[in-house]
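# Examination of the molecular architecture
Residues per chain are reported as follows:
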Amino acid sequence: EAGVAQSPRYKIIEKRQSVAFWCNPISGHATLYWYQQILGQGPKLLIQFQNNGVVDDSQLPKDRFSAERLKGVDSTLKIQPAKLEDSAVYLCASSPANYGYTFGSGTRLTVV
Amino acid sequence: EDQVTQSPEALRLQEGESSSLNCSYTVSGLRGLFWYRQDPGKGPEFLFTLYSAGEEKEKERLKATLTKKESFLHITAPKPEDSATYLCAVQAEDSSYKLIFGSGTRLLVRP
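Figured I'd write up the structure that's included with this text. (Residues numbered from 1 in each chain as written. Chains lettered and ligands numbered in written order. Predicted model: local features only at pLDDT ≥ 70, side-chain atom pairs only at ≥ 80, totals over all residues. Heavy atoms only, no water.)

## Describing the overall build of chain A
Quick reminder of the rule: Secondary structure counts use DSSP, requiring at least four H or I residues in a row for a helix and at least two E residues in a row for a strand, with both numbered from the N terminus. Radius of gyration: over C-alpha atoms. The globule rule applied is 2.2 Å multiplied by the number of residues raised to the 0.38 power. Exposure classes here rest on a 1.4 Å probe applied to the protein chains alone. A residue is buried below 20% of its type maximum, exposed above 50%, and partly exposed in between. For this analysis, residues touch if any pair of their heavy atoms sits within 4.5 Å. Here the accessible surface of atoms and residues is derived via Shrake-Rupley with a 1.4 Å probe, and residues count as covered only by protein chains that are part of the display. Working convention for charge: Lys and Arg count positive, Asp and Glu count negative, and His plus the chain ends are omitted. All charge positions are set by atom: Lys at NZ, Arg at CZ, Asp at CG, Glu at CD.
Regarding its fold elements, chain A presents zero helices and 11 strands. The linear arrangement of helices and strands in chain A, starting from the amino end, is β-β-β-β-β-β-β-β-β-β-β. For a compact globule of 112 residues, the expected C-alpha radius of gyration is about 13 Å, and chain A comes in at 13 Å, within 12% of that figure. Projected onto its principal axes, the C-alpha coordinates of chain A cover approximately 35 × 25 × 25 Å. By residue count, 46% of the 112 residues in chain A fall in the buried class. In chain A, the proportion of contacts linking residues at least 24 apart, taken out of those at least 6 apart, comes to 52%. Just so you have it, chain A exposes about 5500 Å², and 51% of that area is on carbon and sulfur atoms. Averaging the locations of the 12 positively and 9 negatively charged side chains of chain A gives two centres separated by 4 Å.

Laid out in structure tokens, this is it:
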């Protein structure tokens, strides 16, 4: 089966600019997650969707981050405005229920 | 607060030199403990899920074990292709099924 697709693979922006990441999960997977992985650390959950509803966004910095999952399939994560500390890899993962995560390769964001 | 601590941060082994990676955790109630492998520039790749103390799982040169406070990933006779970062994560019973990750152990196996 096809894996979790993410784009772009890399992005370099200046601080205070905006950026968006896209994720296409594995077909049929109801649950979608966005994780942030800062260099040298483990991934940290930003937001979890069940179909197109938000289950957990307790660690999403809502003053600058937003995410949506239209029609329960693809998802976008947006940062506006970006800060230097947002430099990280943004990982999307999906699962058919609430186990068996499959991660995408991630988008590496550098804020300068 | 649910927490995962992995040790050592980095490990260098000679090919064929067996060793173990440690994952200590505190969680209100454990639903599952997960091991992932992450290669540079890639997302984490699933290895094992353990659900209860005493459980063990094996895959090729890797064996994962679980107690009530920690998990070990044993690597037997490693090869250079086992070089990667190994991540441990827990899922709490009362959570939204999110994974709480440790910072990982960077393993380098030299030929």
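Next comes the rest of the write-up.
## So, the interface of chain A and chain B
To be explicit about the condition: Salt bridges, as used here, are contacts in which a Lys or Arg side-chain nitrogen is within 4 Å of a carboxyl oxygen on Asp or Glu. Pairs of N or O atoms are called polar contacts if they sit within 3.5 Å, as long as, within protein, a hydrogen donor faces a hydrogen acceptor (for residues adjacent in sequence, only side-chain-to-side-chain pairs).
Taken together, the contact between chain A and chain B spans 20 residues of the former and 16 residues of the latter. The interface formed by chain A and chain B contains zero salt bridges. Linking chain A to chain B there are four residue pairs in polar contact (both at pLDDT 80 or more). Every element with two or more residues in the side of chain A that touches chain B is listed here: strand E4 (31-37), strand E5 (44-50) and strand E6 (53-56) of chain A. Ranked by residues supplied to the side of chain A that touches chain B, first place goes to E4(A) with three residues.

## Digging into unusual backbone geometry
Following Gln80(A), the chain continues to Pro81(A) via a peptide bond in cis, the omega torsion being -5 degrees. Examined against the element boundaries, Pro81(A) turns out to sit in the loop between strand E8 (75-79) and strand E9 (88-95). Backbone torsion omega between Ser7(B) and Pro8(B) reads -10 degrees, so that peptide bond is classified as cis. Here Pro8(B) lies in the loop between strand E1 (3-7) and strand E2 (10-14). Backbone geometry places Asn51(A), a non-glycine residue, at a positive phi of 55 degrees. With relative accessibility at 40%, the residue Asn51(A) sits in the partly exposed group. Within the chain, Lys71(A) stands out as a residue other than glycine whose phi angle is a positive 60 degrees. Looking at where Lys71(A) falls in the secondary structure, it is placed in the loop between strand E7 (65-69) and E8.

## Structural notes on the packing of aromatic side chains
In this description, a pair of aromatic rings is defined by centroid distance and the angle of the planes. Operational definition: We call Phe, Tyr and Trp rings a pair once their centres come within 6.5 Å, taking the six-membered ring for Trp, and we label the pair stacked below 30 degrees between planes, edge-to-face above 60, and tilted otherwise. Cation placement over rings: the criterion is NZ of Lys or CZ of Arg within 6 Å of the ring centroid and within 35° of the ring normal.
As enumerated under the stated definition, the model contains 12 aromatic pairs over all chains in all. Cluster of aromatic residues (ring-pair linked, three or more members): Tyr33(A), Tyr35(A), Tyr101(A), Phe103(A), Tyr36(B), Phe46(B) and Phe101(B). Above the plane of the ring of Tyr10(A) lies Arg9(A), whose end atom (NZ or CZ) is 5.4 Å from the centre. Above the plane of the ring of Tyr97(B) lies Arg31(B), whose end atom (NZ or CZ) is 3.8 Å from the centre.

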